[in-house]
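# Summary of the model geometry
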Amino acid sequence: MKPSPPPSLLLILLFLFLFSTITITNSISPSLPPTPSPTSSPSPSSPSSHYYYSPLDPTQLKALQSLNIPTTKNPCSQPSFHNATLCDSSKPFSHLISLQLSNCSTFLSLSYTALKSLSTLHSLHLINCPITPIHFPPQLSSSLQSFSSINSFHKLSGVWLSHLANLTDLSLFNLQLKASGLYVILAHMTKLKTLTISNANLTGFLPKHIHSNLTHIDLSGNKLKGTIPPSITMLDTLESLNLSSNGFKGEIPFSLGDLISLKNLSLASNSFSGTVPDSISAIPGLVHMDLSSNNLNGTIPKFLTEIKSIKYLNLANNNFHGVLPFNLSFMKRIQVLKVGGNSNLCYNHSVLSSKLKLGIAPCDKHGMPLSPPPAKGSSSSDDDDSSDDDYDDSSDDDGSSHKKEHHHGPNKVVLGVAIALSSFVFLIVFLILCSKCCR
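Since we're looking at a predicted model, the values are computed, not measured.

How each quantity is defined
- Residues numbered from 1 in each chain as written.
- Predicted model: local features only at pLDDT ≥ 70, side-chain atom pairs only at ≥ 80, totals over all residues.
- Heavy atoms only, no water.
- Helix = DSSP H or I, 4+ residues; strand = E, 2+ residues; numbered from the N terminus.
- Buried < 20%, exposed > 50% of the residue type's maximum accessible area, 1.4 Å probe, protein only.
- Pairing = 2+ DSSP bridges.
- Axes fitted to C-alpha atoms, helices over the stretch in contact; angles between N-to-C directions.
- Disulfide = S-S within 2.5 Å.
- Contact = heavy atoms within 4.5 Å.
- pLDDT = per-residue confidence, 0-100.
- Phe/Tyr/Trp six-rings, centres within 6.5 Å; stacked < 30°, edge-to-face > 60°.

## Let's talk about unusual backbone geometry
Note: most peptide bonds trans; most residues except glycine with negative phi. Backbone geometry places Asn 201, a non-glycine residue, at a positive phi of 60°. Along the chain, Asn 201 falls in the loop between strand E8 (194-198) and strand E9 (203-205). By relative accessible area, Asn 201 is classed as partly exposed at 28%. At Ser 245, a position not held by glycine, the phi torsion is positive, near 55°. Here Ser 245 lies in the loop between strand E12 (240-242) and strand E13 (247-251).

If you want it as structure tokens, here you go:
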């Protein structure tokens, strides 16, 4: 009988074969992050471990039920999907201090009784609730500090809003507002800080007096007219001013430079004329300026290149002429620049590359456009907001770095061949040893 091969030798060969295969395979497979244990204990910062929610006041609970808000669970600790609630920590019963109603039923109605029991609210927000407005109880009107209506209420009146005298935040979007002017709404709101009335069919002029606490004003998409009064330019705490898509006219006031806290300015889609006032250079933190689609003329001022903070500049669709004053350093610093739609504006091709998609023609030796600029309806037009900016600052370095991304780590084809060859070699050695042991 032929002697059988030693089992220890066979085990050693198999172990070496498996070890080499696993080692090479691991060099191909990317490392994966450790999988968290499913039995990990809850975070110690969990709200349930720090806060105790007392039951909601029964009268307010009944009021929520009348608004078709589910109350099977404590609304203070577990608000429903569409309606958000926030409560205080008073005992023995909590009280609502914030309520948001979203996607309301067409059958929903705000009853005076329900609103009276909700007089502890500081914030009331309505989103997609096309309901009929009702006179608020005096207690609720004086308690509210923040009120917003987005695509809600069939109609609102300025007189109705004027009763919310203690508001610090008023936001109205996409509704029909009936008011003889903005002053009717703001006359008694001495604490107001943020004002948004957008796409609300607001008419009239800007008031000659506005309380000085405002930090944000957005009156875009209305039917306001006239000029920008001094009451606006005296708001030295104002950080954002949006008067776009209205019927304003006249020159941009020189006193606009007094808004030293301004970061965002939009006067687009109006009928402003004249030049860009030099006083704007005195606004130290200006980041966003949109003066597009007006009747502004003259040359684009060079001081704009000295505003280090500016990232978005839109001067498109005006009557500017002359040579674009921006140098390459400014072009690298700014993120969005739009100057198209100014037929008499051109750029110095010895300073700026023709690869920059500016929407204007290069200048000839007389400072005039060398060729007609692209049509406004073309794909490279400045009005095309689908792109993030108005120029392409890509370089060959970006392309090379992109190609290099495909060459990180060992070549998978080479390693695959190595695995196959090593397996074949080990198999031959194994068969040779087995044949010798079996003789």
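## Side note on the sheet that holds strand E1 (residues 84-87)
Ordered in space as E1-E2-E3-E4-E6-E8-E10-E12-E14-E16-E18-E20, the 12 strands form an open sheet in which the pairing is mixed. Both edges of this open sheet fall to E1 and strand E20 (336-338), since each of them pairs with a single strand only. Across this sheet, the average inter-strand angle for adjacent strands is 5°, counted without regard to direction. Note that strand E18 (residues 312-314) and E20 share three bridges and pair parallel.

## What about the state of the cysteines?
Summed over the entire model, instances satisfying the criterion amount to two disulfides. Cys 104 shares a disulfide with Cys 129; S-S distance 1.8 Å. Looking down the S-S bond of the Cys 104 and Cys 129 bridge, the torsion is 55°, so its handedness is right-handed. One end of the pair, Cys 104, is in the loop between strand E2 (96-102) and helix H3 (112-117); the other, Cys 129, is in the loop between strand E3 (123-127) and helix H4 (138-143), and 25 residues separate them in sequence. Residues Cys 104 and Cys 129 agree in their burial class; the two are buried. Across the disulfide from Cys 346 sits Cys 363; the S-S distance is 2.0 Å. Residues Cys 346 and Cys 363 are joined by a disulfide whose S-S torsion is about 100°; by sign, that bridge is right-handed.

## Observations regarding the sheet that holds strand E11 (residues 223-226)
Sheets are built from strands that pair by backbone hydrogen bonding, the pairs being arranged parallel or antiparallel. Read across the open sheet, the eight strands follow the order E9-E11-E13-E15-E17-E19-E21-E22; overall the sheet is parallel. Two strands close off the open sheet at either side, each with one partner strand: E9 and strand E22 (361-362). Across two bridges, strand E21 (residues 344-347) lies against E22 in parallel orientation. Its bridge partner lying in E22, Cys 346 is registered against Ala 361.

## Considerations on the pairing of strand E15 (residues 271-274)
Regular strands place their side chains on alternate faces of the sheet. With burial as the criterion, only one face of E15 is covered, namely that bearing Phe 272 and Gly 274; the residues Ser 271 and Ser 273 on the opposite face remain uncovered. Two strands pair when backbone bridges link them, and E13 and E15 are joined in this way by three bridges, in the parallel orientation. Bridge pairing in E15 places Lys 249 opposite Ser 271. In terms of strand pairing, E15 meets strand E17 (residues 295-298) through two bridges, oriented parallel. Bridge assignment links Gly 274 to a residue of E17, and that residue is Leu 296.

## A word on the environment of Leu 262
For Leu 262, the location among the structural elements is in the loop between E13 and strand E14 (264-266). The class of Leu 262 is buried, set by a relative accessible area of 0%. Considered as a pair, Leu 262 and Glu 239 are 23 residues apart in the sequence and their alpha carbons are 4.0 Å apart. Apart from residues no more than four positions distant in its own chain, Leu 262 is found in contact with Leu 238, Glu 239, Ser 240, Leu 241, Ile 283, Gly 285 and Leu 286.

## Details of the confidence of the model for the chain
Summing up the model confidence of the chain, the mean pLDDT is 79 and the portion of residues at 70 or higher is 72%. This stretch, residues 376-409, has a pLDDT under 50; its non-local contacts, to residues over four places away or in other chains, come to 37 contacts.

## Concerning the packing of aromatic side chains
Between two aromatic rings, the relevant description is the distance of the centres plus the angle of the planes. Counting across every chain of the model gives seven aromatic pairs. On the numbers, 6.4 Å between centres and 85° between planes, the contact of Phe 136 with Phe 147 is edge-to-face. With a gap of 11 residues between them, Phe 136 in the loop between E3 and H4 and Phe 147 in strand E4 (residues 146-150) connect regions that are remote in the sequence. On the basis of relative accessibility, which here comes to 2%, the residue Phe 136 falls in the buried class. On the basis of relative accessible area, Phe 147 is assigned to the buried category, the value being 0%. Pairing Phe 326 with Phe 330 gives two aromatic rings, centres 4.4 Å apart and planes at 25°, and the pair type is stacked. Grouping residues by exposure puts Phe 326 and Phe 330 together as buried. Chaining the aromatic ring pairs together yields one cluster made of Phe 136, Phe 147, Phe 153 and Trp 160.

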